[in-house]
Amino acid sequence: MADERRLDGNAIGGMMLELFGVEMTTVTEVCRTCGTADVFARTEVYMDAPGTVVRCAHCKSVLMRVVRGPDRTWLDLSGLGSVELPN
Amino acid sequence: MTETPRVRTLTIDAEGWPGHRPGQHLDVRLTAEDGYQAERSYSIASPPGMPLAITIERLENGEVSPYLVDEAREGDGFEVRGPIGGYFVWEDDGRPVFLVGGGSGVVPLMAMIRSSSGSTPIRLLYSSRTFEDIIYREELEDRAGDRVEVFHTLTRGHPPGWTGYTRRIDNEMLTEVAWPASEQPHVFICGSTRFVDAAADGLVALGYPPLSIRTERFGATGG
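Residues numbered from 1 in each chain as written. Chains lettered and ligands numbered in written order. Predicted model: local features only at pLDDT ≥ 70, side-chain atom pairs only at ≥ 80, totals over all residues. Heavy atoms only, no water.

Asker: I keep staring at the overall build of chain B and nothing clicks. Help me out?
Answerer: Looking only at helices and strands, chain B features five helices and 11 strands. Reported as C-alpha extents along the three principal axes, the dimensions of chain B are approximately 55 × 40 × 30 Å. Residues classed as buried in chain B amount to 52% of the 223 residues present. Here chain B displays about 10,500 Å² of accessible surface, and carbon together with sulfur accounts for 47% of that area. Once the 21 positive and 33 negative side-chain charges of chain B are each reduced to a mean point, those two points are 4 Å apart. (Helix = DSSP H or I, 4+ residues; strand = E, 2+ residues; numbered from the N terminus. Buried < 20%, exposed > 50% of the residue type's maximum accessible area, 1.4 Å probe, protein only. Areas by Shrake-Rupley, 256 points an atom, 1.4 Å probe, with all protein chains shown as cover. Lys, Arg positive; Asp, Glu negative; His and termini not counted. Charge placed at Lys NZ, Arg CZ, Asp CG, Glu CD.)

Pasting the structure below:
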């Protein structure tokens, strides 16, 4: 049965827009673990934890973690190999 | 405007709204008197160029949706961020479109139908629990015709004389309703995770290339 907590990268479009200043759901990310390139919209996203966890849809590794506090944000991007942004 | 007992459409007067594309969403942020903030995403229901509207389903134990569905009054203000998203967005290039919606997952699909020029063939497969839960029922009836075909399925009971489907979406239903993969349709699926996974897996089994299927999942609780 599908895990109903699992959303996709569309759900973090607003947060990513605020953090990076550009529309990110169509941006290509490369997973550091398996090397697969895909757009953020197709990642697996869990928002029910204290922070937001973004996983690779292909190998399920954690790509990114975001924890938002009242006056600051913690961003862990260590699972990402690279990100391809539009100029 | 009340759509169903659990669903309401709100028109938002958003100053400086830059316009949007069909399929995009926005974030609503509510701030309590003690400073506590809650933020949720809602799909935009209105087509580009029309007054901005969102359609919200009340989720039990939710933090934002009960206010928007039951309490918000004309003149109330809240923070809106958007438009958001570039992936679950339809660009009308004349190719046929297959829309699959579960529950309030029909909202961004309705924005697409409403924004259609009328010449592109569109099929909507729409799953609701009961007849009373069908959002936009009358408007969909009005819009159905040569270019827009609407197929309903009801998963938890149906009224006497109902001629639509009466089960969860399955591969047999998709085979009957979906355009042949050879027509290279655009596909948009929106609903709960379980719903979207089932519909997407079914279309892949019918020969749809996975990358031709655009999906958007929403949570079933906490909204």
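Asker: Is there a simple way to think about the confidence of the model for chain B in this case?
Answerer: Keep in mind that low pLDDT regions are not for reading the predicted coordinates in detail. In the predicted model, chain B carries a mean pLDDT of 95, and 98% of its residues have values of at least 70. Overall fold confidence for the complex sits at a pTM of 0.96, while the interface term, ipTM, reaches 0.93. (pLDDT = per-residue confidence, 0-100.)

Asker: Can you walk me through the sheet that holds strand S3 (residues 37-39) of chain A in this structure?
Answerer: The pairing of strands in a sheet comes from backbone hydrogen bonds and takes either a parallel or an antiparallel form. All names here are of chain A. As summarised here, the arrangement of the three strands in space is S3-S2-S8, forming an open sheet in which the pairing is antiparallel. At either end of the open sheet lies a strand with only one pairing partner, and these are S3 and strand S8 (80-84). This sheet shows a mean twist of 25 degrees between the axes of neighbouring strands, independent of strand direction. Pairing analysis gives four bridges linking strand S2 (residues 28-31) to S8, with the strands arranged antiparallel. Bridge pairing links threonine 28 to glutamate 84 in S8. (Pairing = 2+ DSSP bridges. Axes fitted to C-alpha atoms, helices over the stretch in contact; angles between N-to-C directions.)

Asker: Honestly, the layout of surface pockets in this entry has me stumped. Any pointers?
Answerer: To find the voids left in a structure, one rolls a probe of water-molecule size over its atoms. Residue and element names in this part refer to chain B. Its volume calculated, the second largest pocket comes out at about 740 Å³. Lining of the second largest pocket is provided by 28 residues; of these, Gly103, Arg129, Arg156, Arg168 and Ser192 occupy positions nearest its centre. When contributions to the lining of the second largest pocket are tallied by element, the ones reaching two or more residues are strand S8 (122-128) and helix H5 (193-205). Sort the elements by how many residues they give to the lining of the second largest pocket and H5 lands first, with three residues. (1 Å grid on protein atoms, 1.4 Å probe; cavity = no way out; pocket = protein on both sides within 12 Å on 5 of 7 lines; lining within 4 Å. Points joined across faces, edges and corners; volume = space filled by probe spheres on them.)

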